[in-house]
Every structure is written in structure tokens, then in C-alpha cells.
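Spelled out from the first residue to the last, the chains are:
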Amino acid sequence: MNIRILELIEGAQAAKGLTVIIDVFRAMTVEAYVINNGAKDLIPIGSIEDACRYRDEHPGTLLMGERGGKKCEGFDFGNSPTAVKDFDFTGKTVVHTTSAGTQGIANATHASEILTGSMVNAKAIAEYIKKSGADEVSLVCMGLAGVKNTVEDRMCAEYIKAMVEGTSFDLAPWVEKCKTDDGKKFFDPDLQEVFPETDFHLSVEADRFDFVLRVVTGPDGLMHTVRV
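Right, let's walk through the structure included here.

Each value, and the rule that gives it
Residues numbered from 1 in each chain as written. Predicted model: local features only at pLDDT ≥ 70, side-chain atom pairs only at ≥ 80, totals over all residues. Heavy atoms only, no water. Helix = DSSP H or I, 4+ residues; strand = E, 2+ residues; numbered from the N terminus. Buried < 20%, exposed > 50% of the residue type's maximum accessible area, 1.4 Å probe, protein only. Salt bridge = Lys/Arg side-chain N within 4 Å of Asp/Glu carboxyl O.

## Structural notes on unusual backbone geometry
Cis rather than trans, the peptide bond between Phe25 and Arg26 has omega equal to 10°. As for its placement among the helices and strands, Arg26 is situated in the loop between β2 (17-22) and α2 (27-36). Phi at Leu8 takes a positive value of approximately 65°, unusual for a residue other than glycine. Turning to its location among the elements, Leu8 is positioned in helix α1 (residues 8-14). Under the relative-accessibility criterion, Leu8 is labelled buried at 11%. A positive phi angle, near 60°, is found at Ala145, a position not held by glycine.

Given below as C-alpha cells:
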């Protein structure tokens, strides 16, 4: 099994084989919480316009997403796990659009299979990869808006890779590095409305969930994130 760690939009475009699109802060983390809380359908979409069009055509759909970290105007939720962790999504369809994570899904056109990647279900992802028998695995770190490398996504990729290969990995120093990298915004008192500190802790918590999220193309031609 050949495991490659790739970066950003270019990495998603170059990804082949079983591909994991990683966005710890916060897209793929928040998707795990939404699915865990009972969402019937989760649809990652690239643009705000397409998300709004889908809701217009399917009344009752919830919109979730951000640009520049801030909740998109007119949306029901931003991209915060704090905001969704206790919300009951049972029976709901959720459309999700973000600056990085969902863009990675949209750009991974050469992947044979796509999983979403986050710390909260990293062990489950590693187990899935080991059982898959895939010859080639691409772990794509989406970083900040898909254009700037970040420590938290690299941490997740290295953690998954280590578990697949059976090598040791010390998370603690990586989590500390996250606090001074892209994660520092969660500790800024002036940014708590958009980046609450609880989002940091919810996002770096390893292996909270025991399921994998797979992205599949539905009969409607759209991508759907499903629990497997």
C-alpha cells in the first residue's frame, strides 16, 4: 500500500486511489457531528449559490457553511462544531459549503473513493483504509482555504498514516503546535463569536466517533456524505 500525504487544492487535484479529504478546522469535524446527530442527508456543495438554489428547490433543507470563517448570510449554521454538537438533525437534509473542505471534495476528480478526514474519527478512517486493500491512498491536507498549509491537517494525516502502518505517534506536541498555528484564532478574545475556543477542543479530540464518512455520487448527480 502506497500512502501519500498531499496538500491543498493542488493536492486534491492530484489525489488518486482511496482519498481522504482532511479539514480539521472545521469542515470535516462539523460534518461528523451532524451525521452523528441524525442527519438524513448531508450534501457537500462548492458554491453558496448552488447551496441556496438547492434549498429553494427543496424546502426544509438546512444550510451550513462559511466564507472566511464566518457563517454565510442567510444560512442556518456556520462551520462550528460547538453550534451543532447538541442539535438534533434527525430526518434533516443539510447542505454544506466551506472555503476548504468541500472544495477538496469538488477537486478530487481522480480519486477512486473519497472519505472525509478529521481527528474525531481518525482511528475509524485508519481501520477502514487497512481493510480496504487499496494499492494507493491519498491523504489530502486542505489547510487554510485550500491555499495555506496548517499544522492541524498535517497532524491528522500523519496520525492516520501512523495507525495504518502500525507505528507510534505522539499527538500531544502536535496539539500544542496547533495552538500557535491556525488554531491560535480560537484563543483570541475578539474572535470568539466566529471561532469559539470550544471549537478547538472539539476539533482536536481524537477518535470520538467510530464511523467513517464516505462521499458518494447520488442519483441526482450531487455528492452525498454517508456514514459507513
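This is not the end of the story, as more comes after the structure.
## Description of the pattern of salt bridges
Within this structure, the stated rule accounts for 13 salt bridges. Between Asp50 and Arg53 there is a salt bridge, with the nearest N and O atoms lying 2.4 Å from each other. Placement of the pair is Asp50 and Arg53 together in helix α3 (residues 48-57), with a separation of 3 residues, close to one helical turn. Given the relative accessible area of 35%, Asp50 is considered partly exposed. Note that Glu176 and Lys179 form a salt bridge whose closest N and O atoms lie 3.2 Å from each other. Here Glu176 and its partner Lys179 are both found in helix α8 (residues 171-180), 3 residues apart, which amounts to about one turn of the helix. With a relative accessible area of 30%, Lys179 lands in the partly exposed category.

Function cannot be read off these values alone, since they describe shape.
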